[in-house]
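Coordinates in review
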Amino acid sequence: MMKPIIAIDGPAAAGKGTLARRLATTLGLPYLDTGLLYRAVARRVLDAGGDPADAATAEGAARSLRPVDLDRSDLRGPQADAAAASVASIPGVRTALLAFQRDFATSEGAVLDGRDIGTVIFPDAQAKLFVTASLTERARRRWLELQAKGTDADLGTVEEDMRLRDAKDAARAAAPLRAADDAYLLDTSEMDAEAAFQAAMAFVCSRIRIVSMRDL
Ligand code: C5P
């Protein structure tokens, strides 16, 4: 049986990662956080002292990306967030990362989260979810994450950075952040992680035929 591809898109800190990881574990599918690819490209550019908005530099970094680059521990944080959004708006960077994302899901199927999985990377995915939440709630969640990591951050700054990054992701010409026409919209503003998982799982099961877990 064909292995399912589950596409999860949405803005920053909407709960995509937590949800995607749990769906993947439950369904026995590999999971790819595609944001890490853009973050790793950005990190390589920053390490080399380059400008993440420079197309030639960013494309070069994307073409020479190695799997080990995704394992770095410094791919998150305000500087990486902004630099990732810059490299992600460059069409050549997106092209360079396309094959890796498609290959990842070819043999086993996969759950992938990002911004353009259901629209560009896997327009034929069996199940597409667009996970969102209000900006206030998403900023609050990100701020709590930072607090838990011991990073002192200002809630207002976190919210403003997030607003700007989402606006940039939605406004870019290359694969902008948007829900696929056939995506299930999941607004998690008023939901905890468990409720979001139950709602997502019900939708996914309605889209993929699970005869037994061995089919997956
Ligand atoms: O998901 P995450 O917040 O880690 O993504 C970081 C940035 O990478 C996003 O703000 C976006 O600019 C870019 N991205 C993208 N397409 C994806 C995943 C991430 O453009 N599929």
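Cut-offs applied
- Residues numbered from 1 in each chain as written.
- Predicted model: local features only at pLDDT ≥ 70, side-chain atom pairs only at ≥ 80, totals over all residues.
- Heavy atoms only, no water.
- Phe/Tyr/Trp six-rings, centres within 6.5 Å; stacked < 30°, edge-to-face > 60°.
- Helix = DSSP H or I, 4+ residues; strand = E, 2+ residues; numbered from the N terminus.
- Buried < 20%, exposed > 50% of the residue type's maximum accessible area, 1.4 Å probe, protein only.
- Lys NZ or Arg CZ within 6 Å of the ring centre and 35° of its normal.
- Near = heavy atom within 4 Å.
- Polar contact = N/O pair within 3.5 Å; in protein donor to acceptor, adjacent residues only side chain to side chain.
- Areas by Shrake-Rupley, 256 points an atom, 1.4 Å probe, with all protein chains shown as cover.
- Nonpolar A, V, L, I, M, F, W, Y, C, P; charged D, E, K, R; others polar.
- Expected span 1.5 Å × (residues − 1).
- Arc of directions from axis to C-beta.
- Contact = heavy atoms within 4.5 Å.

Brief notes about the packing of aromatic side chains
One pass over the full model with this rule turns up one aromatic pair. Centre to centre, the rings of Y184 and F203 are 4.7 Å apart; their planes meet at 10°, and the pair counts as stacked. On the criterion of sequence distance, the pair formed by Y184 in strand β5 (residues 184-187) and F203 in helix α9 (residues 193-207) is long-range, its members being 19 residues apart. In this structure Y184 comes out as partly exposed when scored by relative accessible area, which is 29%. It is R22 that lies over the ring of F197; its NZ or CZ is 3.8 Å from the centre.

A word on the site of the ligand
Near the ligand lie 15 residues; those nearest to it are R39, R94, R165, D169 and R172. Taking T34, its side chain carries an N or O atom lying 2.9 Å from a nitrogen atom of the ligand. At a separation of 2.9 Å, an oxygen atom of the ligand approaches a polar side-chain atom of R172. For the ligand, the accessible surface in isolation is 450 Å², of which the surrounding protein chains cover 97%. Counting residues per element, the ones that place at least two in the shell around the ligand are α2 (35-47), α4 (78-88) and α8 (155-171). Partitioning the shell around the ligand into residue classes produces four nonpolar, three polar and eight charged.

Remarks on α8
With 17 residues, α8 should cover 24 Å at 1.5 Å per step; its first-to-last C-alpha distance of 24 Å lies within 8% of that length. Listed as buried for α8 are V158, M162, R165, D166 and D169. Viewed end-on, α8 has its buried residues packed into an arc of 100°, placing them on one side of the element. Considering only its buried residues, α8 is in contact with α2, α4 and α7 (135-148).

A few points about the side chain of D116
Inspection of the secondary structure puts D116 in the loop between β3 (110-114) and α6 (117-121). Of the polar contacts made by the side chain of D116, one reaches the side chain of R94; its length is 2.9 Å.

Looking at the environment of T18
Along the chain, T18 turns up in helix α1 (residues 16-27). Among the residues examined, T18 registers a relative accessible area of 52% and is labelled exposed. Note: C-alpha distance between T18 and F197 (179 residues apart in sequence) is 8.8 Å.

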